[in-house]
Amino acid sequence: MQEVWFRPYIWTDYRLGVLFTLVIPLILLIWAFVQKAEGIQRLLMIYWRIASLLVITIYLMIAEYPVSFISGLIANILIPISLWFWVDLNDEIEYQPSGPLKLIFTSWRWAVSVYCLLGAIAFIPFIGCAFSATAIKSPYCRVWFEAPLLFKDYFHHNSKPGFLGFLGIVCLVIYVLYLSYFVLFKLGKQGRSATPQ
């Protein structure tokens, strides 16, 4: 593939993504369950539901589907919203006694929010890859598929990209239906409370 100057930055972004959106929140979730920190548990469960769009995006990128550029951008926007939207959880976490879990969780929440918002801004110039058959074949767009294809080689060596992309599309449809149901029906009743009224 033709060399593109920003390739190292994209690989760095994927590495940071694994750290900030997978490893650290998984450790925090286990820690929150051990410490019985219910507010942090509930917020992290909401986070995982929203962040699953990042996993879906990886599978769409394995099949080199243009829609993956849109889902990646939306995931980067939704994650910070999901972490700060809930007034009741924000209050519960704020009034929780100070300790290492609260400190590390709060630090991670700020860090991943900044990371995702900067990622969304950086991703905007690549949205054209989703709408142009010529652009998506260019090295400028295809460089985004390199890390997902490496992921495929590690974890789905015998699977075809088209099949994994099909799984990604099915999961994306389910995700969009669930999110639409939540926004159109549940959000009006719940407001900014994570606890159903």
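Residues numbered from 1 in each chain as written. Predicted model: local features only at pLDDT ≥ 70, side-chain atom pairs only at ≥ 80, totals over all residues. Heavy atoms only, no water.

**Quick word on the overall build of the chain**
1) Next: Counting secondary structure elements, the chain contains eight helices and zero strands.
2) Next: Helices (α) and strands (β) of the chain occur, in sequence order from the N terminus, as α-α-α-α-α-α-α-α.
3) Next: Across its three principal axes, the chain shows a C-alpha extent of roughly 55 × 35 × 35 Å.
4) Next: Going through the 197 residues of the chain one by one, you find that 42% of them count as buried.
5) Next: A separation of at least 24 residues holds for 78% of the contacts in the chain among residues at least 6 apart in sequence. (Helix = DSSP H or I, 4+ residues; strand = E, 2+ residues; numbered from the N terminus. Buried < 20%, exposed > 50% of the residue type's maximum accessible area, 1.4 Å probe, protein only. Contact = heavy atoms within 4.5 Å.)

**Quick word on helix H4 (residues 87-94)**
1) Next: All of the buried residues in H4 are Leu-89, Asn-90 and Ile-93. Seen end-on, H4 carries its buried residues on one side only, within an arc spanning 105°.
2) Next: Where H4 is buried, its residues meet helix H2 (38-62), helix H3 (67-84) and helix H5 (100-123). (Arc of directions from axis to C-beta.)

**Section: the state of the cysteines**
1) Next: Applying the stated criterion across every chain yields a total of one disulfide.
2) Next: In this structure Cys-116 is not part of a disulfide, and its nearest cysteine sulfur, from Cys-129, lies 20 Å away.
3) Next: As a non-bridged cysteine, Cys-171 has Cys-116 as the owner of its nearest cysteine sulfur, 20 Å distant.
4) Next: Given a relative accessible area of 37%, Cys-171 falls into the partly exposed group. (Disulfide = S-S within 2.5 Å.)

**Topic: the confidence of the model for the chain**
1) Next: Scored by pLDDT, the chain has a mean of 93; 98% of the residues are at 70 or more.
2) Next: Confidence, expressed as mean pLDDT per element, reaches its minimum in the chain at H4 with 91 and its maximum at H3 with 97. (pLDDT = per-residue confidence, 0-100.)

**Quick notes on the nonpolar core**
1) Next: Counting 32 residues, the largest nonpolar core has Ile-40, Phe-105 and Trp-108 as the members making the most contacts within it.
2) Next: Counting residues per element, the ones that place at least two in this core are helix H1 (7-35), H2, H3, H4, H5 and helix H8 (161-190).
3) Next: Of all the elements, H2 adds the most residues to this core, at 10 residues. (Core = buried A, V, L, I, M, F, W, Y, C linked by side-chain atoms within 4.5 Å.)

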